[in-house]
Amino acid sequence: MRSAVMTAQTCPRQHRNSTMDSVALEPSLYTVKAVFILDNDGNRLLSKYYDPELYPSMKEQRSFEKNVFNKTHKADNEIAFLEGKTIVYKSSIDLFLYVVGSAQENELMLMAVLNCLFESLSQILRKNVERRCLLDNMDGVFLVVDEIIDGGVILESDPQQVVEKVNYRADDNPLTEQSVAQHLTEKLALTSTVLLSAKDQIKWSILK
């Protein structure tokens, strides 16, 4: 288990082993550091950063995104390790979708988020996951992202559930105060469920 967490930066090992062990024993609910979607020229179409200490300025964010794009847009892989981050990505026609986690983050967790994002967008965009359709439906796209991730915490990984919660409609019905209150209540309840589930998983992993 330790070898999955240790990186090439652990040198000298004897001096830093205790630090790395403490990281391994402190799982975080804040799995996702950032999500962004770029076009095939590397221009930002959507981005959300969940860690306030990760590239706090717009300039730093765009520089990071450009660097990620340059390293990945011609690659055949789905996972990249860059600037101390684990990055999973997927391309679709003229779009590139990215999910960013820490260096110690499980790639399978990040990939589950990425796949959920892509499949949810595919449904609300009627399988046209490309730049023009994305820009024409940005309200729905932001709702999808918010249903999957809240403050870096993964809320949902089932695209069908995401689409049902977003209840996306082409005629864009306005939200009433009642529907907004109901949406917030459901999100708070779901967050509580996720937190309890995560605590149970951490407890059992420690007991093992």
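Description of the structure in this document. These numbers were taken from a predicted model, which means no experiment stands behind them. (Residues numbered from 1 in each chain as written. Predicted model: local features only at pLDDT ≥ 70, side-chain atom pairs only at ≥ 80, totals over all residues. Heavy atoms only, no water.)

1. Regarding the sheet that holds strand β2 (residues 44–49)
What the five strands build is an open sheet, ordered β2-β1-β5-β4-β3; its pairing is antiparallel. Because the sheet does not close on itself, it has two edges, and the strands there are β2 and β3 (79–82). The sheet shows a mean angle of 20° between the axes of neighbouring strands, taken without regard to direction. With eight bridges connecting them, strand β4 (residues 85–92) and strand β5 (residues 95–102) associate as antiparallel partners. Across the sheet, the residue bridging to K85 is S102, located in β5. Strands β1 (34–39), β2, β3, β4 and β5 of the sheet are contacted by helix α3 (residues 58–72), whose axis makes an angle of about 115° with β2. (Pairing = 2+ DSSP bridges. Helix = DSSP H or I, 4+ residues; strand = E, 2+ residues; numbered from the N terminus. Axes fitted to C-alpha atoms, helices over the stretch in contact; angles between N-to-C directions. Contact = heavy atoms within 4.5 Å.)

2. Let's talk about the packing of helix α4 (residues 107–124) against helix α7 (residues 159–166)
Remark: α4 packs on α7, axes separated minimally by 8 Å, with the N-to-C direction vectors making an angle of 50°. It follows that α4 is oblique to α7 by the angle criterion. Viewed along their axes, α4 and α7 form a crossing whose handedness is right-handed. Only P159, Q160, V162 and V163 of α7 make contact with α4, whose side of the interface consists of C116, E119, S120, Q123 and I124. Looking at side-chain class alone, the contact of α4 with α7 contains five nonpolar, three polar and one charged residues. (Parallel < 35°, antiparallel > 145°, perpendicular 65-115°, else oblique. Left-handed = near helix turned anticlockwise from the far one by under 90°. Nonpolar A, V, L, I, M, F, W, Y, C, P; charged D, E, K, R; others polar.)

3. Comments concerning the side chain of S122
Considering the arrangement of structural elements, one finds S122 in helix α4. Residue S122 is classed as buried on the basis of its relative accessible area, which comes to 11%. Setting aside residues no more than four positions away along its own chain, S122 makes contact with K127 and V129. (Buried < 20%, exposed > 50% of the residue type's maximum accessible area, 1.4 Å probe, protein only.)

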